[in-house]
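# Observations on the three-dimensional arrangement
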Amino acid sequence: MKVTSVSRYKGTTFQVELDDSRKLYLHIDIISDFSVRTGMEIERDELKKIIYASNFHRAYQRGLHLLDYRDYSSAEMLDKLIETYKSENLCRAVVKKLTDNGLINDERFAERMARKLVEAKKYGHRRAKREIMQKGISEFTAEDALAAYSEVYAENLMELLKTRHSHLLADADDRKSVEKAKNALVRYGYEFSEINLAVKEYFENINENEEDI
């Protein structure tokens, strides 16, 4: 088939018309890479390469745009791109390039999530790990990211008891209120053994303070 015209369409995009009435909208880099010009003959296989390169360029630029707003895991980015570009193979190639260029890094993403979930939200290991893996991060990578916080969970638990759930722990004999506090901490992702130990320590500290008065 033959290129009947090449004209600037908008910004860095050109409109390429073919003699079968098709119109392609190609970035200037694609025009340059494939030497697209009026009057040239294009074989079907070459046209497929041009269209693939054009779609790849658009998808890559879309990925860069998304990363301007927040960090993405490789799985998240793949899902996001497939919504628009449909071709899984194309989108996987784009994600690979973003990863190779250091723009997507699952280990870095997991570490940032771990810091936010444990330090800011005070989640326990179980919930933090689940939240990270829901972003498409592997279990191994999630565990690695959370390893640095093994000694922080006990501190967070005590802080939660003192700040967010102390109203439920006014009376150690009020089993209903105490269980309510424990159940809230389960939802934060802590194990019952951790919670029971923290609650026991909490009441012991209260009793010690009362004796000192």
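Refer to the preceding data block for the structure.
Note that the coordinates shown come from a computational prediction; the quantities given were computed from them, not determined experimentally.

### A look at the overall build of the protein
Scanning the protein from N- to C-terminus turns up 10 helices and three strands. Seen in sequence order, the protein has helices and strands lined up from the N terminus as β-β-β-α-α-α-α-α-α-α-α-α-α. Against the globule reference of 17 Å for 213 residues, the protein gives a C-alpha radius of gyration of 28 Å, more extended than a compact globule. By its C-alpha atoms, the protein is 95 × 25 × 25 Å across when sized along the principal axes. Counting every position in the protein, which comprises 213 residues, the buried fraction comes to 37%. Sequence-distant contacts, at least 24 apart, represent 52% of the contacts inside the protein between residues at least 6 apart. Just so you have it, the protein exposes about 13,100 Å², and 47% of that area is on carbon and sulfur atoms. Charge centroids of the protein, computed over 36 positive and 39 negative side chains, lie 9 Å from each other.

### Comments concerning the environment of Arg115
As for its position among the elements, Arg115 is in helix H5 (residues 106-120). Separated by 30 residues in sequence, Arg115 and Ala145 have C-alpha atoms that sit 8.6 Å apart. Not counting residues up to four positions away in its chain, the partners in contact with Arg115 are Ala120 and Tyr149.

### Some thoughts on the nonpolar core
In this structure, Ile132, Leu146, Leu161, Leu169 and Tyr190 are the most contacted members of the largest nonpolar core, which totals 31 residues. With near-sequence residues (within four places) excluded, Leu146 lies in contact with Ala114, Val118, His125, Ala128, Lys129, Ile132 and Tyr153. Ala59, Leu67, Leu78 and Ile104 belong to the second largest nonpolar core, which has 15 residues in total.

### Re a negative patch on the surface
Together, Asp19, Glu41, Glu43 and Asp45 give the surface a local cluster of negative charge. Among the structural elements, Glu41 can be located in the loop between helix H1 (28-33) and helix H2 (44-67). Under the relative-accessibility criterion, Glu41 is labelled exposed at 56%.

### Things to note about the sheet that holds strand E3 (residues 23-27)
Sheet strands line up and pair through hydrogen bonds in the backbone, either parallel or antiparallel. Taken in spatial order, the three strands line up as E1-E2-E3 in an open sheet, and their pairing is antiparallel. The sheet is open, and its two borders are formed by strand E1 (3-10) and E3, each paired with just one other strand. Between one strand axis and the next, the sheet turns by 25° as a mean value, whatever way the strands run. Bridge count for strand E2 (residues 13-18) against E3 is five bridges, and the pairing is antiparallel. Of the residues in E3, the one forming a bridge with Thr13 is His27.

### As for the pattern of salt bridges
For the structure shown, the criterion picks out 13 salt bridges. The partner of Glu88 in a salt bridge is Arg92, with the nearest N and O atoms 2.8 Å apart. Pair noted here: Glu88 and Arg92 are both in helix H4 (residues 88-100), with a separation of four residues, about one helical turn. Looking at Arg92, the relative accessible area reads 46%, which means it is partly exposed. Glu204 is paired through a salt bridge with Lys200; the nearest N and O atoms lie 2.7 Å apart. Here Lys200 and Glu204 lie together in helix H10 (residues 192-212), a separation of four residues that amounts to about one turn. What makes Glu204 partly exposed here is its relative accessible area of 36%.

### With respect to the packing of aromatic side chains
Applying the stated criterion to the full structure yields five aromatic pairs. Geometrically, the ring pair formed by Phe56 and Tyr60 is stacked, given 6.5 Å between the ring centres and 5° between the ring planes. Of the two residues, Phe56 and Tyr60 are both situated in helix H2; the distance of four residues between them amounts to about one turn of the helix. Residue classification places Phe56 among the buried residues on the basis of a relative accessible area of 17%. Aromatic rings pair up to connect Tyr52, Phe56 and Tyr60 into one cluster. Positioned over the ring face of Tyr72 is Arg70, at 3.9 Å from the centre of the ring.

What counts, and at which threshold
Along each chain, the written sequence defines residue order, and numbers are assigned to residues from 1. Selection of residues for local features in this predicted model requires a pLDDT of at least 70, selection of side-chain atom pairs for listing and counting requires 80 or more, and totals for whole chains, interfaces and linings are taken over all residues. Calculated side-chain values reflect all of the structure's heavy atoms, with hydrogen atoms and water omitted. In this description a helix means any DSSP run of H or I spanning at least four residues, a strand means any run of E spanning at least two, and both kinds are numbered starting from the N terminus. Using C-alpha atoms as the atom set, the radius of gyration is obtained and then compared with a globule rule of 2.2 Å times the number of residues to the power 0.38. Under the scheme applied here, a residue whose accessible area is under 20% of the maximum for its type counts as buried, over 50% as exposed, and between as partly exposed, the area being computed with a 1.4 Å probe on protein chains only. We call two residues in contact when some of their heavy atoms are within 4.5 Å. Under the convention used here, a 1.4 Å probe and the Shrake-Rupley method define accessible areas, while residue burial counts only the protein chains that appear. A positive count includes Lys and Arg, and a negative count includes Asp and Glu. His and the chain ends are not counted in either. In this description, the location of a charge corresponds to atom NZ of lysine, CZ of arginine, CG of aspartate or CD of glutamate. Among buried residues, the Ala, Val, Leu, Ile, Met, Phe, Trp, Tyr and Cys ones that are joined through side-chain atoms within 4.5 Å form a nonpolar core. Only residues above 30% relative accessible area that lack a salt bridge enter a patch, with like-charged residues linked at up to 9 Å and the nonpolar side chains Val, Leu, Ile, Met, Phe, Trp and Tyr linked at up to 5 Å. By definition, a salt bridge exists where a carboxyl oxygen of Asp or Glu is found within 4 Å of a side-chain nitrogen of Lys or Arg. In this analysis, strands are considered paired if DSSP registers two or more bridges between them. To obtain an axis, a line is fitted to C-alpha atoms, over the contacting stretch when the element is a helix, and the angle between two such axes runs from 0 to 180 degrees between their N-to-C directions. Only rings of Phe, Tyr and Trp enter the pairing, Trp through its six-membered ring, and a pair is recorded when the two centres are within 6.5 Å. The plane angle decides the type: under 30 degrees is stacked, over 60 is edge-to-face, the rest tilted. Any Lys NZ or Arg CZ found within 6 Å of a ring centre and within 35 degrees of that ring's normal is scored as a charge over the ring.

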